[in-house]
Amino acid sequence: MANRLAGPSSIPGPAMAPPPSSAFLNASRIPFPPTVDGGKGWVQLPLEPTSAGRAAPTTLCGADFTNMVGGVDSTGVTHGFTTRAGTTGDAVANASETIHSYPNADAAAAAFGHAQKIAAASGCHTTINGSTYDYSVVAGTTTSDGFSIQIVNDGDESIREYIVVKGTNVAQLNIQYFNHKSSDTPSTDQQVLAALAAALP
């Protein structure tokens, strides 16, 4: 367990087989506020190709919020979802689940532990394309193998993060709601974390 809070490796590791489709949550198991888009739910986007791992962020705002888990010794596969509303078809919410696979359980635990430290921040401040953003973090649910947090930007954007570790895999589910806040509850968070862990091989 000494390696659990060590940083993710910066040394490329061997190629890992991608996780099976059954390791991912389907659209019906991802939380979705029923008041958004008339409750139509998620639409799955085309499957993204397997990607090589990249260095883990060192700060909350150093992450793009869809990649709080890192390590160049990993590979990642992402399933993306969106929902659109109105005549313009603007996205009102996006979601993605990325499963990071590592060469061994110690490497996966180290990456998970690093994500926990990043998520423990109370907030952060950043500038994107000349605009300034202040993010605050609200702790969600913590289990033996996962945790959730909510990240809020000035009240008009709400991001939910769910991260779990199991064996050689770490799954991150990112849900981003635009112009409204998530209606998820702690009980919902616990259900999502349990579903993520149960699906992982």
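### Some details on the overall build of the chain
Of the regular secondary structure elements, the chain holds 2 helices and 9 strands. When the helices and strands of the chain are read in sequence order from the N terminus, they spell out β-β-β-β-α-β-β-β-β-β-α. By the burial criterion, 48% of the 201 residues in the chain qualify as buried. Sequence separation of 24 or more characterises 64% of the internal contacts of the chain that already satisfy a separation of 6 or more.

### Thoughts on the nonpolar core
Counting 23 residues, the largest nonpolar core has Leu25, Ile30, Trp42, Tyr162, Leu173, Ile175 and Leu196 as its most contacted members. Those elements that place two or more of their residues in this core are β3 (75-85), β4 (90-101), β8 (157-166), β9 (169-178) and α2 (186-199). No other element matches α2, which puts 5 residues into this core. Residues within four places of leucine 25 in sequence aside, it is in contact with Ile30, Phe81, Glu97, Leu173, Ala195, Leu196 and Ala199. Membership of the second largest hydrophobic core comes to 22 residues, among which are Cys124, Val137, Ile163 and Val170.

### Notes on the pattern of salt bridges
Applying the stated criterion across every chain yields a total of 1 salt bridge. For aspartate 189, the salt bridge is made with arginine 160, and the minimal N-O distance between the two is 2.4 Å. One end of the pair, aspartate 189, is in helix α2; the other, arginine 160, is in strand β8, and 29 residues separate them in sequence. Residues aspartate 189 and arginine 160 agree in their burial class; the two are buried.

### Quick notes on the environment of isoleucine 149
Counting through the fold element by element, isoleucine 149 comes out in strand β7 (residues 146-153). Placed 12 residues apart in sequence, isoleucine 149 and valine 137 show a C-alpha to C-alpha distance of 6.8 Å. If near-sequence neighbours (up to four positions away) are discounted, isoleucine 149 is found in contact with Met68, Ala119, Val137, Val138, Ala139, Gly140, Ile159, Arg160 and Glu161.

### Observations concerning the pairing of strand β5 (residues 123-128)
Sheet topology places β5 next to strand β6 (residues 131-142); 6 bridges connect them, and they run antiparallel. Looking at β6, one finds that threonine 127 is bridged to threonine 132. Linkage of β5 to β6, two consecutive antiparallel strands, is achieved through a turn of 2 residues, within which asparagine 129 is found at a positive phi near 50 degrees.

Definitions and cut-offs
- Residues numbered from 1 in each chain as written.
- Predicted model: local features only at pLDDT ≥ 70, side-chain atom pairs only at ≥ 80, totals over all residues.
- Heavy atoms only, no water.
- Helix = DSSP H or I, 4+ residues; strand = E, 2+ residues; numbered from the N terminus.
- Buried < 20%, exposed > 50% of the residue type's maximum accessible area, 1.4 Å probe, protein only.
- Contact = heavy atoms within 4.5 Å.
- Core = buried A, V, L, I, M, F, W, Y, C linked by side-chain atoms within 4.5 Å.
- Salt bridge = Lys/Arg side-chain N within 4 Å of Asp/Glu carboxyl O.
- Pairing = 2+ DSSP bridges.

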